[in-house]
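Each chain, written out:
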2 protein chains.
Amino acid sequence: MTTPLEIVLSYHRAWTSQDFDLAMTYLADDMVCHAPAGRLVGAEAFRGFMEPFSQILVSSELVGSFGDETTAMLMYDTSTRPVADAPGAELHTVRDGKIVELRIIFDRLPFEQARTVAATRSAPPEGAQTE
Amino acid sequence: MTTPLEIVLSYHRAWTSQDFDLAMTYLADDMVCHAPAGRLVGAEAFRGFMEPFSQILVSSELVGSFGDETTAMLMYDTSTRPVADAPGAELHTVRDGKIVELRIIFDRLPFEQARTVAATRSAPPEGAQTE
């Protein structure tokens, strides 16, 4: 039988390879994700949060992975286009071979700072005509 | 023999009980911590980062804990005075009964936002005399 950790590692390999269609096959339709910004209900809502992150991924490396009969826990480093050093940790609950609950922790601050810098750069210079 | 997970859980109970002197007994003097803001070298430098966090703690709850022969991984929820919902994840490397390396992940954004709000509140109102 496939263990929760094997399922979670397959999910992890899929999204870090930017194959989110494959990643979705490991998620229960009614899964719940607890993310830094709040609670996401359903695999489609989760996809709306996680797929854009997978698309800015430059590289990733798993640094820890553990599991038991019902749960699995990962820690990984990622490098992304806006933020070079963006580690994450996830705790998954697996039922009937699908991920039903996922807690994800990462630091939003450098992403917020990168967004602010990007917004400043794309704003018209002071005094520029905007019409 | 005490396992890495037992040592890490003892460390966790100590700091979440705000007994940082006890927490320090589980850390190697030359331990290294990888925190969101960067690398901290030595148990004293780590204490300067972690003890202030333990002092703003209101409550905490362990949500996941795993370990093997050399490492242990925790995920926990905390409630703190400035931020009500502040989960964290840690991956520890243990050698000769002491924590020698610690990766810690949490979201700095709500703490930064709370600091900004506090700074705004403590600033004198506009037009106020400051002398």
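Everything below is about the structure printed above this text.
Here the residue numbers are simple positions, counted from 1 along each chain's written sequence. By the order in which they are written, chains take letters starting at A while ligands take numbers starting at 1. Since the coordinates come from a predicted model, pLDDT governs what is reported: local features require at least 70, and pairs of side-chain atoms require 80 or more to be given and counted, while whole-chain, interface and lining totals use all residues. Calculation of side-chain values draws on the structure's entire complement of heavy atoms; hydrogens and water are dropped beforehand.

### Let's talk about the pattern of salt bridges
What counts, and what does not: Counted as salt bridges are all cases of a side-chain nitrogen of Lys or Arg within 4 Å of a carboxyl oxygen of Asp or Glu. Where helices and strands are cited, they refer to DSSP runs of H or I of at least four residues and of E of at least two residues respectively, numbered from the N terminus. Here's how the labels work: a residue is buried when its accessible area is under 20% of the maximum for its type, exposed when over 50%, partly exposed in between, all with a 1.4 Å probe on protein chains only.
Under the defined criterion, the tally for this structure stands at 10 salt bridges over all chains. Across the pair Asp 107 of chain B and Arg 108 of chain A runs a salt bridge whose closest N-O atoms are separated by 2.6 Å. Remark: Arg 108 of chain A occurs in the loop between strand 6 (98-106) and helix 4 (109-122) and Asp 107 of chain B occurs in the loop between strand 6 (98-106) and helix 4 (109-122); the pair is interchain, linking two chains. Here Asp 107 of chain B falls in the buried class, since its relative accessible area comes to 9%. Here Arg 115 of chain B ties to Glu 112 of chain B by a salt bridge, and the two come within 3.4 Å at their closest N and O atoms. You can see Arg 115 of chain B and its partner Glu 112 of chain B sitting in helix 4, three residues apart, about one turn around the helix. Classification of Arg 115 of chain B as exposed rests on a relative accessible area of 53%. Salt bridges sharing common partners tie together Asp 21, Arg 47 and Glu 51 of chain A.

### Details of the sheet that holds strand 5 (residues 88-95) of chain B
Two modes of strand pairing occur in sheets, parallel and antiparallel, and in both the strands are linked by backbone hydrogen bonds. Residues and elements named next belong to chain B. Threshold: Two strands pair under a simple rule: DSSP has to find at least two bridges between them. Here the axes come from fitting lines to C-alpha atoms, over the contacting stretch only for helices, and the angles between their N-to-C directions go from 0 to 180 degrees. Residues count as neighbours in contact if any of their non-hydrogen atoms are within 4.5 Å of one another.
Read from one edge of the open sheet, six strands run 2-1-6-5-4-3, paired in mixed fashion. Edge positions in the open sheet fall to strand 2 (38-41) and strand 3 (57-67), since each of these has one partner strand only. Each strand axis lies, on average, 20° off the axis of its neighbour in the sheet, ignoring direction. Note that strand 4 (residues 71-80) and strand 5 share six bridges and pair antiparallel. Opposite Leu 74, over in strand 5, you have Glu 90 as the bridge partner. Here helix 1 (residues 4-16) sits on the sheet and contacts strand 1 (27-35), strand 3, strand 4, strand 5 and strand 6; the angle it forms with strand 4, its principal contact strand, is near 20°.

### Thoughts on the environment of Ala 86 of chain A
Turning to its location among the elements, Ala 86 of chain A is positioned in the loop between strand 4 (71-80) and strand 5 (88-95). When neighbours within four sequence positions are excluded, Ala 86 of chain A is seen to be in contact with Asp 77, Thr 78, Thr 80 and Phe 111 of chain A.

### Observations regarding the interface of chain B and chain A
Our working definition: A 1.4 Å probe defines the accessible area here, and the buried area is the portion of it lost by two parts on being joined, summed over both.
If you look at the interface, chain B gives 24 residues, while chain A gives 24 residues. When the buried surface of chain B facing chain A is broken down by residue, Phe 66, Met 73 and Ile 105 of chain B rank first, second and third, together holding 35% of it. Inspection of the region where chain B meets chain A yields four salt bridges. Close ionic contact of Arg 103 of chain A with Asp 77 of chain B constitutes a salt bridge, the shortest N to O distance being 3.2 Å. When contributions to the side of chain B that touches chain A are tallied by element, the ones reaching two or more residues are strand 3, strand 4, strand 5, strand 6 and helix 4 of chain B.

### Examining the sheet that holds strand 3 (residues 57-67) of chain A
All names here are of chain A. Strand order in the open sheet formed by six strands is 2-1-6-5-4-3, and the pairing between neighbours is mixed. Two strands bound the open sheet, and with one partner strand each, they are strand 2 (38-41) and strand 3. Taken pair by pair, the neighbouring strands of this sheet meet at an average axis angle of 20°, ignoring direction. Sheet topology places strand 1 (residues 27-35) next to strand 6; four bridges connect them, and they run parallel. Within strand 6, the residue paired with Val 32 across the bridge is Glu 101. Contacts between helix 1 (residues 4-16) and the sheet are confined to strand 1, strand 3, strand 4, strand 5 and strand 6, with strand 4 contributing the most and set at about 20° to the helix. Contacting strand 1, strand 2, strand 3, strand 4, strand 5 and strand 6, helix 3 (residues 43-55) runs over the sheet at an angle of about 65° to strand 1.

### Side note on helix 3 (residues 43-55) of chain B
Every α-helix winds through 3.6 residues per turn, so residues three or four apart in the chain are directed the same way. Residue and element names in this part refer to chain B. Filter applied, for reference: Working rule for helices: expected span equals 1.5 Å times residues minus one. What is called the bend at a residue is the angle between a pair of axes, fitted to the seven residues leading up to and ending at it and to the seven starting from it.
The end-to-end C-alpha distance of helix 3 is 17 Å, a good match for the 18 Å that 13 residues give at a rise of 1.5 Å each. When the local axis directions of helix 3 are compared, the greatest deviation, roughly 30°, occurs at Phe 49, which is followed within four positions by the proline Pro 52. Of all the residues in helix 3, the buried ones are Ala 43, Phe 46, Arg 47, Met 50, Phe 53 and Ser 54.

### A look at unusual backbone geometry
Residues and elements named next belong to chain A. In this structure, Gln 18 takes a positive phi of about 60° despite not being glycine. Look at Gln 18 and you get partly exposed, because its relative accessible area is 44%. Unlike most non-glycine residues, Asp 96 shows phi in positive territory, near 50°. Note on placement: Asp 96 falls in the loop between strand 5 and strand 6. You can call Asp 96 exposed: its relative accessible area is 78%.

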